Amino acid sequence: MGIRGLLSLCMKRRDQCVEDVDLVAVARSRGGIEILVDFYSFEHMVVPKFWKGLSTLRNNQFLRILGGEYKSLYIYIKRFIEIFKQLKITLVFFIDATKGCCEANTQQKIGTWMKRHHRDVDNLNEVINVCRGSKEMADLEEDVFVRPVCLEIQIIETLVSCGCELIQSVTGEADFMIAKALHERNKAFAIWSNDSDFCIFDKCRFIPNDLFDMCNGLQMGLPIEVPVKPESLWCGIISNERVKNMLMVCNPI
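Residues numbered from 1 in each chain as written. Predicted model: local features only at pLDDT ≥ 70, side-chain atom pairs only at ≥ 80, totals over all residues. Heavy atoms only, no water.

1. Here we look at the pattern of salt bridges
- Scanning the entire structure with this criterion turns up twelve salt bridges.
- Of the charged contacts, one joins glutamate 82 and lysine 78 as a salt bridge, the two residues approaching to 2.8 Å between their closest N and O atoms. Placement of both glutamate 82 and lysine 78 in helix α5 (residues 70–86) is noted, with a separation of four residues, approximately one turn of the helix.
- Residue glutamate 82 is classed as partly exposed on the basis of its relative accessible area, which comes to 29%. (Salt bridge = Lys/Arg side-chain N within 4 Å of Asp/Glu carboxyl O. Helix = DSSP H or I, 4+ residues; strand = E, 2+ residues; numbered from the N terminus. Buried < 20%, exposed > 50% of the residue type's maximum accessible area, 1.4 Å probe, protein only.)

2. Re the packing of aromatic side chains
- Across all of its chains, the model carries 14 aromatic pairs by this definition.
- Residues phenylalanine 84 and phenylalanine 212 carry aromatic rings whose centres are separated by 6.3 Å and whose planes lie at 15 degrees to one another, so their mutual orientation is stacked. One end of the pair, phenylalanine 84, is in helix α5; the other, phenylalanine 212, is in the loop between β6 (205–207) and β7 (234–239), and 128 residues separate them in sequence. For the residue pair phenylalanine 84 and phenylalanine 212, the accessibility class agrees, reading buried in each case.
- For the ring pair phenylalanine 198 and phenylalanine 201, a centre distance of 5.8 Å and an interplane angle of 45 degrees mean the geometry is tilted. Accessibility assignment for this pair places phenylalanine 198 and phenylalanine 201 in one class, buried. (Phe/Tyr/Trp six-rings, centres within 6.5 Å; stacked < 30°, edge-to-face > 60°.)

3. Re the side chain of threonine 158
- Tracing the backbone shows threonine 158 in helix α7 (residues 151–161).
- For threonine 158, a relative accessible area of 0% corresponds to the buried category.

4. What to know about the side chain of aspartate 96
- With respect to the secondary-structure elements, aspartate 96 resides in the loop between β3 (89–95) and α6 (103–132).
- With a relative accessible area of 18%, aspartate 96 lands in the buried category.
- Side-chain polar atoms of aspartate 96 contact the backbone nitrogen of alanine 174, separated by 2.9 Å.
- Not counting chain neighbours up to four residues away, the residues in contact with aspartate 96 comprise Tyr40, Gln168, Ser169, Gly172, Glu173 and Ala174. (Polar contact = N/O pair within 3.5 Å; in protein donor to acceptor, adjacent residues only side chain to side chain. Contact = heavy atoms within 4.5 Å.)

5. Describing the sheet that holds β7
- Judged by pairing direction, the sheet is mixed, and its seven strands sit side by side in the order β1-β7-β6-β5-β2-β3-β4 without closing on themselves. With one partner strand each, in any of the chains shown, β1 (18–22) and β4 (165–168) form the two edges of the open sheet. On average, adjacent strands in this sheet sit at an angle of 35 degrees to one another, irrespective of strand direction.
- Summarising the sheet, strand β2 (residues 33–38) and strand β5 (residues 188–192) pair through four bridges and their orientation is parallel. Within β5, the position partnered with valine 37 by the bridge is tryptophan 192.
- Along the sheet, helix α9 (residues 240–247) contacts β1 and β7; its crossing angle with β7, the most-contacted strand, is approximately 60 degrees. (Pairing = 2+ DSSP bridges. Axes fitted to C-alpha atoms, helices over the stretch in contact; angles between N-to-C directions.)

6. Observations regarding the packing of helix α4 (residues 39–57) against α5
- Close contact between α4 and α5 brings their axes to 11 Å; oriented N to C, the two are set at 120 degrees. By the angle between their axes, α4 is oblique relative to α5. With respect to the hand of their crossing, α4 and α5 are arranged in right-handed fashion. Across the interface between the two elements, Phe42, Val46, Lys49, Phe50 and Leu54 from α4 touch Ser72, Leu73, Tyr76, Ile77 and Phe80 from α5. (Parallel < 35°, antiparallel > 145°, perpendicular 65-115°, else oblique. Left-handed = near helix turned anticlockwise from the far one by under 90°.)

This is the structure:
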């Protein structure tokens, strides 16, 4: 769910909260590592970059509002996973429970879900305005696209076909499962998530989307069919210890 403003604060005080790490070098020195991935953070970062690159490559700025391209997305994500396997970095995906399966979680998150729903409706109205000719495609925000109906199913099926481990929470969000797995899995090195909740879990290390592949070694978002295998993969890791020191908090949570 996140703590409002905390991730933004960490980014503003990057010198205090963030450690830059080359995941390729770490994986090589340790004989392989695991990155525990928040599925929805992965989706929200990878898909817009996929649309941006594909639209430029095909010279078709309208691709992202057509709501298809399942095969191209399959090929893109498949290559993404293959690259990480070659780098000896195993991605383990965690998925939140289905909405509505936990009354307590529903009460806690209903406000956030409503805001997201209204935002999605506003974005679709902007797309409709483009289709009507009352708004230029070039004026549409980069992160606005028509979500393919089977997008989540497509991505999950792609990950399964690549042999990825997917762990779904039975009820509520998967945050606690991810934080626990970071301590219990021998190869686990860090969490990939855009959720600031991971700032408060004791001895937690996570990579927010804005700090993933900071040098764009994968060349995501560029006009290419699939990501490129990088020589290095520099990421910014926010740790609970650094955040506590920045906030001058003594007792772990």
